[in-house]
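Understanding the architecture of this molecule
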Amino acid sequence: MDWGANNAFKTFKDVEPKSMMDMGLIPTIDSVDIGLSSSEQGNATPSAKPRKKTMTSVYLKFFETAADGKSRRCKFCGQSYSIATATGNLGRHLSNRHPGYDKSGDVVTSSAPPPITVVRKHQPQSKAPQVDYNHLNWLLVKWLVLASLPPATLEEKWLANSYKFLNPSIQLWSSEEYRKTFHEVFRSMKEVVRASLEHVSSKVSITLEFWTSYEEIYYMSVTCHWIDENWSFQKMMLDICHIPYPCGGAEIYHSLVKVLRLYNIENRVLSCTHDNSQSSMHGYVDGQKVGPFCYIPCSAHVLNLIIDDGLRTTKSVISKIREFAIGLNASSEMSEDFTQFTAAYQESTWKMPLDTSTRWSGNYQMLDIVCKASKSMDAVIRKYETLGSRMLLSSAEKNAVSNVHRYLQPFYKTTNNMCTNKLPTVGLVLFFMDHISETIAACRDSHLYPDLLKNAAKEMAEKVRGYNNQVCNIIIYMTAVLDPRIKGELIPESLNAENFLDEARTHFIRNYSTSHFPSMTSGYSAQELEEGCNVSFAEEIARKKRRANMSSATDELTQYLSEPPAPIATDVLEWWKVNSMRYPRLSLMARDFLAVQAVSVAPEELFCGKGDEIYKQRFCMPHDSTQALLCIRSWLQGGMKLKYKTTEIDFERLMELATTAATADNTTPGSEKKQKY
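Residues numbered from 1 in each chain as written. Predicted model: local features only at pLDDT ≥ 70, side-chain atom pairs only at ≥ 80, totals over all residues. Heavy atoms only, no water.

1. A few points about the overall build of the protein
Looking only at helices and strands, one finds 26 helices and 12 strands in the protein. For the protein, buried positions account for 48% of its 677 residues. Sequence-distant contacts in the protein: of pairs separated by 6 or more residues, those separated by 24 or more amount to 73%. Of the roughly 33,700 Å² of accessible surface on the protein, a fraction of 52% belongs to carbon and sulfur atoms. (Helix = DSSP H or I, 4+ residues; strand = E, 2+ residues; numbered from the N terminus. Buried < 20%, exposed > 50% of the residue type's maximum accessible area, 1.4 Å probe, protein only. Contact = heavy atoms within 4.5 Å. Areas by Shrake-Rupley, 256 points an atom, 1.4 Å probe, with all protein chains shown as cover.)

Next up, the structure:
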């Protein structure tokens with residue numbers, strides 16, 4: 001992009017540059033004043049003042065005289081001034097409210113988005129700051145990012161006309177300029193992410209999620225997770241990858257390795273959690289045994305598939321109930337009647353509107369209506385002919401819904417806990433999955449459930465077994481054991497193998513007992529070995545003592561496991577932060593392994609209606625915008641500043657200065673606050 005002097009950002013006038021640069025705005029470049037009058041610009045020779053032009057030659061054409069001859073009206077905004085108002089006040093109005101007014105009829109285009117400049121001119125008297133309306137383009141950049149909208153959104157003609165209605169001098173960048181800006185911001189912020197990962201001292205874990213856009217392009221998001229020195233959980237999106245055809249395990253694996261090498265973390269990854277999709281890499285990995293880290297299927301996706309099997313028996317009934325709920329939400333009169341009926345029949349208290357999404361939370365609410373307010377539902381259907389008698393459920397349908405609702409209630413409680421838990425660790429999720437397995441087995445063996453539901457339970461049990469087989473490894477075992485709420489007592493039986501404990505102890509002693517504490521290392525130094533190990537008798541005794549103490553220290557794992565588990569409500573990271581002094585070596589191991597993810601996405605994206613919105617954004621995003629927009633959005637939501645090349649853009653500060661400028665303009669002496677329309 002061309003960064004000539006003519007493309008430099010216009011400036012706010014007379015604000016403090018030091019504070020603004022401290023806020024991370026772009027370094028000062030040559031100031032370009034917005035107003036027409038050259039006397040207000042910084043000249044090389046302050047004493048030489050240009051000849052002051054008359055009002056007739058400069059300002060009169062921008063004001064029209066009222067019919068009564070007592071006031072003049074601004075042609076841009078309609079603000080009126082007394083006919084006796086001083087020339088300087090009219091000029092200030094044009095400069096403050098309509099910068100570039102002298103060029104308002106010209107077609108102005110910019111070849112590239114110029115950087116933000118904030119400059120203070122050292123003058124004895126401060127003047128009201130002028131707003132650079134080109135900053136509007138940077139605000140639109142942030143809006144497009146946070147709303148996940150492509151640059152082509154701003155090609156809408158009437159959007160540009162709306163801005164010109166407010167101010168004719170406003171010029172929006174072209175969609176190509178916005179696109180170039182996004183890619184430069186993406187490149188700049190990616191460098192910040194790479195630099196921050198270099199300072200991470202612990203192991204990291206990776207999560208992958210896959211989706212297909214409306215263009216039938218296959219994407220994979222790569223997110224990095226770790227626990228910092230203050231025992232705070234951190235995550236950072238690394239990239240959105242386009243997976244090339246045929247989009248199989250090999251293509252996915254090579255795309256992942258490329259991202260890990262780009263950020264120089266390929267040797268620090270402990271685990272990779274994927275969404276268990278049909279084309280995800282686990283099939284390729286199982287056959288090739290590639291990569292130094294373990295692969296974990298997302299427990300939330302597995303649980304979602306298990307629940308779908310259970311709901312299949314009442315799918316047609318749920319669709320009928322959903323149609324009733326949609327009609328209820330669309331009519332305030334119908335909703336009010338439903339609320340009154342539930343009060344009369346004493347059938348719970350309902351908060352409208354209902355979640356009618358096809359995700360788990362919406363489906364369960366459909367079951368809830370029948371089980372908890374069937375009389376009210378029937379009463380509303382009979383009262384409103386528009387619903388039709390077809391909406392009435394038979395006794396057999398109600399009985400089937402009741403059975404499924406009772407059977408899936410533990411699933412609802414489990415998913416609700418996963419959605420509201422601050423940190424769903426692997427240990428906690430395995431604890432819940434073990435309970436789900438017991439629930440399925442109880443249904444299969446019970447005579448209280450119909451055969452149709454028992455057959456569904458068999459399919460559900462098969463998926464649970466498949467999940468358990470994939471997570472039965474030493475990495476998962478150590479991750480679960482290091483959760484102080486789980487330890488060895490609440491870990492599933494399928495994972496609680498005796499040899500795993502021995503392997504965990506060996507791993508701890510080999511990787512954490514001494515390497516992180518070189519001062520405790522036993523043996524002699526290289527120099528001492530060269531000198532024939534010529535040390536004193538007292539030094540030999542001292543080293544024996546140190547070795548004995550070190551051996552005792554490596555037994556931190558045994559001491560930790562001998563204590564009873566912490567309550568389930570315990571904050572895991574806070575527990576380790578408090579107890580890290582008791583277990584200095586084991587806490588290092590816990591920092592690495594507790595970052596292993598049980599889920600590849602936030603559970604609420606799968607189980608709640610929120611997921612529909614997220615999926616729609618990803619599905620509709622065009623290929624040329626997906627990577628930059630979604631990555632930048634994730635980084636901004638994580639607390640990073642938007643960065644353009646070497647400069648951070650502080651939008652909050654820009655808005656403060658714009659408000660200040662508008663307030664100062666409204667209080668300009670000699671102006672009258674009467675606005676005509």
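Next, the rest of the story.
2. So, the environment of Ile243
Residue position: Ile243 is located in the loop between β8 (233-242) and α7 (249-262). Residue classification places Ile243 among the buried positions, given a relative accessible area of 1%. In this structure, the C-alpha to C-alpha distance between Ile243 and Tyr219, residues 24 residues apart in sequence, is 5.7 Å. In this view, Ile243 contacts Tyr218, Tyr219, Met220, Glu251, Ile252 and Ser255; residues no more than four positions away in its chain are not counted.

3. What to know about helix α13 (residues 395-420)
An α-helical turn contains 3.6 residues, so any two residues separated by three or four positions project in the same direction. Taking 1.5 Å per residue, 26 residues should reach 38 Å; α13 reaches 36 Å between its end C-alpha atoms and fits that length. Along α13, the sharpest change in direction is near 45° and occurs at Leu408; proline Pro410 comes one to four residues later. Listing the buried residues of α13 in full gives Val401, Asn403, Val404, His405, Tyr407, Leu408, Phe411, Thr414, Thr415, Met418 and Cys419. Where α13 is buried, its residues meet α9 (299-311), α10 (315-330), α12 (360-383), α14 (426-445), α15 (451-471) and α23 (603-607). (Expected span 1.5 Å × (residues − 1). Bend = angle between axes of the 7 residues up to and from the residue.)

4. Considering the sheet that holds strand β2 (residues 63-65)
Strand order in this open sheet of three strands is β2-β3-β4, and the pairing throughout is antiparallel. Across the chains shown, the open sheet's two edge strands, defined by having one partner strand only, are β2 and β4 (80-82). Averaged over all adjacent pairs, the angle separating strand axes in this sheet is 30°, with direction ignored. Docked against the sheet, helix α3 (residues 87-97) engages β2, β3 (71-74) and β4, running at close to 135° with respect to β2. (Pairing = 2+ DSSP bridges. Axes fitted to C-alpha atoms, helices over the stretch in contact; angles between N-to-C directions.)

5. Considering unusual backbone geometry
Cis geometry is found at the peptide bond from Tyr245 to Pro246, where omega equals 10°. Tracing the backbone shows Pro246 in the loop between β8 and α7. In this structure, Asn264 is a non-glycine residue whose phi angle is positive, near 60°. Using a relative accessible area of 51% as the deciding quantity, one classes Asn264 as exposed.

6. Overview of a nonpolar patch on the surface
A cluster of nonpolar residues, Tyr214, Tyr615 and Phe619, forms a patch on the protein surface that exposes about 310 Å² of accessible area. Position of Tyr214 relative to the elements: it lies in the loop between β6 (204-212) and β7 (218-227). Residue class for Tyr214 comes out partly exposed when judged on its relative accessible area of 42%. (Patch = residues over 30% accessible without salt bridge, like charges linked within 9 Å, V, L, I, M, F, W, Y side chains within 5 Å. Salt bridge = Lys/Arg side-chain N within 4 Å of Asp/Glu carboxyl O.)

7. A short note on the sheet that holds β7
The sheet built from five strands is open, its strands ordered β8-β7-β6-β9-β10 with mixed pairing. Each having just a single partner strand, β8 and β10 (294-297) make up the two edges of the open sheet. Pairs of neighbouring strands in the sheet enclose a mean axial angle of 25°, with direction left out of account. Sheet topology note: the β6/strand β9 (residues 269-274) ladder contains four bridges and is parallel. Residue Val204 lies in a different strand from β9, and its bridge partner there is Val269.

8. Topic: the pairing of β8
Strand direction decides the pairing type here: β7 and β8, joined by nine bridges, are antiparallel. The residue bridging Val222 from the neighbouring strand is Asp239, located in β8. The turn linking β7 back onto β8 is made up of five residues, and Trp231 within it adopts a positive phi angle of 60°.

9. Re the pairing of β6
For β6, the tally of buried residues reaches eight of nine residues, placing the bulk of the element in the interior. Where β6 lies against β7, eight bridges are found, and the strand directions are antiparallel. Bridging across to β7, Leu208 finds its partner in Val222. Following β6, the chain reverses through five residues before pairing antiparallel with β7; Glu216 in that reversal takes a positive phi of roughly 60°.

10. So, the packing of aromatic side chains
According to the stated counting rule, one finds 23 aromatic pairs in the structure shown. Taken together, a centroid distance of 4.1 Å and an interplanar angle of 5° make the contact between Tyr364 and Tyr412 stacked. Placement of the pair is Tyr364 in helix α12 and Tyr412 in helix α13, with a sequence separation of 48 residues. When its relative accessible area of 4% is taken as the criterion, Tyr364 is described as buried. Residues Phe431 and Phe432 carry aromatic rings whose centres are separated by 5.7 Å and whose planes lie at 50° to one another, so their mutual orientation is tilted. Judged by its relative accessible area of 28%, Phe431 falls in the partly exposed class. Look at Phe432 and you get buried, because its relative accessible area is 13%. Linked through ring pairs, Trp231, Tyr560, Trp575, Trp576 and Tyr583 together constitute an aromatic cluster. Against the face of Tyr560 rests Lys487, its NZ or CZ located 4.4 Å from the ring centre. (Phe/Tyr/Trp six-rings, centres within 6.5 Å; stacked < 30°, edge-to-face > 60°. Lys NZ or Arg CZ within 6 Å of the ring centre and 35° of its normal.)

11. As for the nonpolar core
Counting 94 residues, the largest nonpolar core has Phe324, Tyr407, Phe411, Ile440 and Trp576 as the members making the most contacts within it. With 10 residues, the top contributor of residues to this core is α12. (Core = buried A, V, L, I, M, F, W, Y, C linked by side-chain atoms within 4.5 Å.)

12. Describing the confidence of the model for the protein
Model confidence for the protein is summarised by a mean pLDDT of 79, while 76% of its residues fall at 70 or above. Here residues 52-57 is a poorly scored stretch, pLDDT under 50, and it has five contacts once near neighbours within four places are set aside; other chains count. Contacts for the low-pLDDT stretch residues 116-125, under 50 throughout, to residues beyond four places or in other chains number 40 contacts. (pLDDT = per-residue confidence, 0-100.)

13. With respect to the side chain of His93
Relative to the assigned elements, His93 resides in helix α3. Judged by relative accessible area, which is 3%, His93 ranks as buried. Ignoring anything within four residues of it in the chain, the contact list for His93 reads Phe63, Cys74, Cys77, Gln79, Tyr81 and His98.

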